[in-house]
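Structure assessment
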Amino acid sequence: MKLPIDQLNQWPTPYYLYDTELLGHTLSAVTEAAAFPGFHVHYAVKANTNRAILKIIAESGLGADTVSGGEIRAALQAGFPADKIMFAGVGKTDEEIRLALGSGVGCINVESREELMVIEQIASDMGVVAPVAIRVNPEIDAHTHHYITTGLAENKFGVAMSMLDTVVDHIVASQWLTLRGLHFHIGSQIETMRPFEILCERILKLQKELNARGVSMPLINVGGGLGVDYDDPMGHPIPDFKAYFDTFHRHLPLQPGQQLHFELGRAIVAQCGALVSRVLYVKQGVEKKFVILDAGMTELIRPALYQAHHSIVNITSQSPDRELYTIVGPICESADCFAEDTALPLTRRGDLVALLSAGAYGEVMSSNYNARPTVSTHLI
Ligand SMILES: *Cc1c(COP(=O)(O)O)cnc(C)c1O
């Protein structure tokens, strides 16, 4: 992404910077790579709900995948058509279900039998038929961090394979529910195509069993999870969408009229965002040198929460000499550390640094802990 120093210097730090040109290129790459019949791409709104970003994505023609009433409203305001909005989440409130049904979202992804009963009751109260897909746990270990692996058998997300038949039968028998299909999501930051290939195999097997029982599925939703290059964001600013969509095209032949839905979050917005921060102090410790930034886990919690790695660049320093620094924030928590012993050009108080690949799960997860102000954002 672009980091024009003169422009970046004029804004008070810390702030999120979004490169709208890179976002545009990324969206074109998605649209081009997904141009197979029946393929529909939705943006997982939870990755970044910044209004300007949502608008650009809505204009590109993608649908939206939402996980709360607030996200449904944000998606509608940004211009996503209601029938292209999907609503998922393990703990939907009655009010959120009413909002989803009232605004005519395309599909509600149900995560349990208990929730299905509530959706059915609310649909019958409102006199509408609820379009639902069942989120299934395909029991695939996507080899990502355990907090972001979601497809295993015992899990708060989705319906276990062993319970699927009962849930399907209930939907088919109900006058207030219509079965759109199945929904999967096996994890996040998946860096090889193998887990997606296995997912396709599982889906085909399940589909065959359901078809044999006379149940048809107009829609299959394979979730998101495509990873991005956190180590070399400048070298690989756009994920390999072609390999990703080709994998599904090759391994998941669609039935006539069937739709295949994707819900990509990180892959669409991660690389177009950076957290820009100023160096407050370079502190000599007993053995280490600490760079203390004016941004911390309140602005970007991923390193503290998932031990995530963000590439860090010093935008100001032109020094040819490099040194090892431990880069930390100002928050009163030991976990408030962005990187240990990382090499940067000679760094001084006042330098501007950027934490790259911060467009996904960055600004949306920011907080006001330590009574910090809400982080600001700028677009270039
Ligand atoms: C979070 C989530 C996504 C998006 O995941 P990414 O890894 O950001 O692509 C898609 N679908 C569901 C159900 C999710 O919970």
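Higher on the page you've got the structure.
Because the structure is predicted, anything quoted here is derived from the model rather than measured.

**Topic: the packing of aromatic side chains**
- Per the stated rule, a full pass over the model turns up 12 aromatic pairs.
- A ring pair is formed by Tyr-16 and Tyr-18, whose centres lie 6.2 Å apart and whose planes are at 10 degrees; its orientation type is stacked. Residues Tyr-16 and Tyr-18 agree in their burial class; the two are buried.
- Ring geometry for Phe-39 against Phe-262: centres 5.1 Å apart, planes inclined by 50 degrees, an arrangement best described as tilted. Pair noted here: Phe-39 is in strand S2 (residues 39-44) and Phe-262 is in strand S10 (residues 259-264), with a separation of 223 residues, a long-range link. There is no split in this pair, since Phe-39 and Phe-262 are both buried.
- Members of the aromatic cluster, each reached through a chain of ring pairs, are Phe-36, Phe-39, Phe-196, Tyr-244, Phe-245, Phe-248 and Phe-262.
- Directly above the aromatic system of Phe-87 lies the positively charged group of Lys-92, at a separation of 5.6 Å from the ring centroid.

**Quick word on the pattern of salt bridges**
- Counted by the stated rule, this structure contains 14 salt bridges.
- Residues Glu-21 and Lys-2 are paired through a salt bridge, measuring 2.9 Å at the closest nitrogen-oxygen approach. Residue Glu-21 is found in helix H2 (residues 20-33), and its partner Lys-2 is found in the segment before helix H1 (5-9); the two are separated by 19 residues along the sequence.
- The partly exposed category is assigned to Glu-21, whose relative accessible area is 45%.
- Asp-246 is the salt-bridge partner of Lys-242, the closest N and O atoms lying 2.8 Å from each other. Here Asp-246 and Lys-242 lie together in helix H9 (residues 241-251), a separation of 4 residues that amounts to about one turn.
- When salt bridges that share partners are traced, they join Lys-2, Asp-19 and Glu-21 into one network.

**Things to note about the packing of helix H4 (residues 69-78) against helix H5 (residues 94-103)**
- Close contact between H4 and H5 brings their axes to 9 Å; oriented N to C, the two are set at 25 degrees. Taken as axis vectors, H4 and H5 run roughly parallel relative to one another. Residue-level inspection shows Gly-69, Ile-72, Arg-73 and Leu-76 of H4 in contact with H5, the latter providing Glu-95, Glu-96, Leu-99, Ala-100 and Ser-103.
- By residue class, the composition of the contact of H4 with H5 is 4 nonpolar, 2 polar and 3 charged.

**Focus on the site of the ligand**
- Taken together, the neighbourhood of the ligand is formed by 14 residues, with Lys-46, Ser-188, Glu-263, Arg-266 and Tyr-361 sitting nearest.
- Gly-225 is positioned such that a nitrogen or oxygen atom in its backbone is 2.9 Å from an oxygen atom of the ligand.
- Relative to its unbound accessible surface of 390 Å², the ligand loses 94% to contact with the protein.
- Each residue belonging to the shell around the ligand can be placed in one class, and the counts come to 3 nonpolar, 6 polar and 5 charged.

**Some words on the pairing of strand S6 (residues 130-137)**
- Along S6, 8 of the 8 residues are buried, which leaves the element largely enclosed by surrounding structure.
- For strand S5 (residues 107-110) and S6, the ladder comprises 3 bridges, and the chain directions are parallel. Paired with Asn-109 across the strands is Ala-133, a residue of S6.
- Taken together, S5, helix H6 (residues 113-126) and S6 constitute a β-α-β crossover, and its handedness is right-handed.

**Side note on the side chain of His-310**
- Following the sequence through the fold, His-310 ends up in the loop between helix H11 (302-306) and strand S13 (312-314).
- For His-310, a relative accessible area of 1% corresponds to the buried category.
- Among the polar contacts listed, one links the side chain of His-310 to the side chain of Arg-302, at a separation of 2.9 Å.
- Polar contacts involving the side chain of His-310 include one to the main-chain carbonyl oxygen of Leu-356, which spans 2.8 Å.
- Those residues in contact with His-310 that sit more than four places away from it in its chain are Tyr-230, Leu-300, Arg-302, Pro-303, Leu-356, Ser-357 and Ala-358.

**Here we look at the packing of helix H8 (residues 194-212) against H9**
- As a packed pair, H8 and H9 sit with axes 10 Å apart at the nearest point and diverge in direction by 30 degrees. With respect to each other, H8 and H9 are oriented roughly parallel. Considering only the axes of H8 and H9, their crossing is right-handed. Mapping the contact onto sequence places Phe-196, Glu-197, Leu-199, Cys-200 and Leu-204 in H8 and Tyr-244, Thr-247, Phe-248 and His-251 in H9.
- Of the residues assigned to the contact of H8 with H9, the class counts are 6 nonpolar, 2 polar and 1 charged.

The rules we used
- Residues numbered from 1 in each chain as written.
- Predicted model: local features only at pLDDT ≥ 70, side-chain atom pairs only at ≥ 80, totals over all residues.
- Heavy atoms only, no water.
- Phe/Tyr/Trp six-rings, centres within 6.5 Å; stacked < 30°, edge-to-face > 60°.
- Buried < 20%, exposed > 50% of the residue type's maximum accessible area, 1.4 Å probe, protein only.
- Helix = DSSP H or I, 4+ residues; strand = E, 2+ residues; numbered from the N terminus.
- Lys NZ or Arg CZ within 6 Å of the ring centre and 35° of its normal.
- Salt bridge = Lys/Arg side-chain N within 4 Å of Asp/Glu carboxyl O.
- Axes fitted to C-alpha atoms, helices over the stretch in contact; angles between N-to-C directions.
- Parallel < 35°, antiparallel > 145°, perpendicular 65-115°, else oblique.
- Contact = heavy atoms within 4.5 Å.
- Nonpolar A, V, L, I, M, F, W, Y, C, P; charged D, E, K, R; others polar.
- Near = heavy atom within 4 Å.
- Polar contact = N/O pair within 3.5 Å; in protein donor to acceptor, adjacent residues only side chain to side chain.
- Areas by Shrake-Rupley, 256 points an atom, 1.4 Å probe, with all protein chains shown as cover.
- Pairing = 2+ DSSP bridges.
- Right-handed = clockwise from strand over helix to strand, strands pointing away.
- Left-handed = near helix turned anticlockwise from the far one by under 90°.

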